[in-house]
Amino acid sequence: QVQLVESGGGLVQPGGSLRLSCAASRSILLSNAMGWYRQTPGKQRELVAAITGDGSTSYADSVKGRFTISRDNAKNTVYLQMNSLKPEDTAVYSCNADYRTIYGRIYWGQGTQVTVSS
C-alpha cells in the first residue's frame, strides 16, 4: 500500500506561482513514473506533467514553459512548480504514482485545489 499526500494548493492571482508537493509513503525509486493530473467539473481529468524513474519529463501543451515537474528521491516527493498561472489552470490537482511493476497498481492522492483568480 502506498499513500500519496499532496500539498501546496490555494488561491493565487493570475500571473502568480504555486508549488505543489506530493509525498509518497514508499520510495519513489520503486515507481515507474509519477505524474500530476487536474480536473475541473464537467471535464475529463487531464495529464499535466509526468516524470519517469530516469528523470524524463513530459508536459501537456497547455502548460509547457510554465510548469516544471521534479522529484526528490531522498524525500520521496514529487513537485510541480507552476508559474505564470492563468484562470484556466484552476482545477483540482492530483498526484499519481505508477507502482505496477512492484505493487501491481497505480495510486492516487486525494487532490488539492488550485484557484487562479483576481
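Shown above is the structure to which this text applies.
Source: prediction; values computed, not measured.

A. Summary view of the sheet that holds strand β1 (residues 4–7). Pairing is antiparallel in the open sheet, where four strands are placed in the order β1-β3-β8-β7. Sheet topology places β1 and β7 (67–72) at the edges, where each strand pairs with a single neighbour. The mean inter-strand angle of the sheet, taken between neighbouring strand axes irrespective of direction, is 15 degrees. Note: strand β3 (residues 18–24) against strand β8 (residues 77–82), six bridges, orientation antiparallel. Bridge pairing in β8 places C22 opposite V78.

B. Quick peek at the state of the cysteines. Tallied over the entire structure, the rule returns one disulfide. At a sulfur-sulfur separation of 2.0 Å, the disulfide partner of C22 is C95. As the torsion about the S-S bond is roughly -80 degrees, the C22-C95 disulfide counts as left-handed. You can see C22 sitting in strand β3 and its partner C95 sitting in strand β9 (residues 91–98), a full 73 residues away along the chain.

C. Expanded view of the side chain of T77. Within the secondary structure, T77 is located in strand β8. Under the relative-accessibility criterion, T77 is labelled buried at 7%. Looking at T77, its side chain comes within polar contact range of the main-chain oxygen of K75, at 2.8 Å.

D. Spotlight on the nonpolar core. One finds L4, M34, W36, F67, L80, M82 and Y93 to be the most contacted residues of the largest nonpolar core, which totals 29 residues. Among the secondary structure elements, those contributing two or more residues to this core are β3, β4 (33–39), β5 (46–52), β7, β8, β9 and β11 (112–116). Setting aside residues no more than four positions away along its own chain, L80 makes contact with L18, R19, L20, W36, V48, A49, F67, T68, I69 and Y93.

E. Just the pairing of β1, in detail. Side chains L4 and E6 of β1 all project onto a buried face; the interleaved residues V5 and S7 project onto a face where none is buried. Bridging between β1 and β3 involves four bridges; their strand directions are antiparallel. Within β3, the position partnered with S7 by the bridge is S21.

The rules behind the values
Residues numbered from 1 in each chain as written. Predicted model: local features only at pLDDT ≥ 70, side-chain atom pairs only at ≥ 80, totals over all residues. Heavy atoms only, no water. Pairing = 2+ DSSP bridges. Helix = DSSP H or I, 4+ residues; strand = E, 2+ residues; numbered from the N terminus. Axes fitted to C-alpha atoms, helices over the stretch in contact; angles between N-to-C directions. Disulfide = S-S within 2.5 Å. Buried < 20%, exposed > 50% of the residue type's maximum accessible area, 1.4 Å probe, protein only. Polar contact = N/O pair within 3.5 Å; in protein donor to acceptor, adjacent residues only side chain to side chain. Core = buried A, V, L, I, M, F, W, Y, C linked by side-chain atoms within 4.5 Å. Contact = heavy atoms within 4.5 Å.

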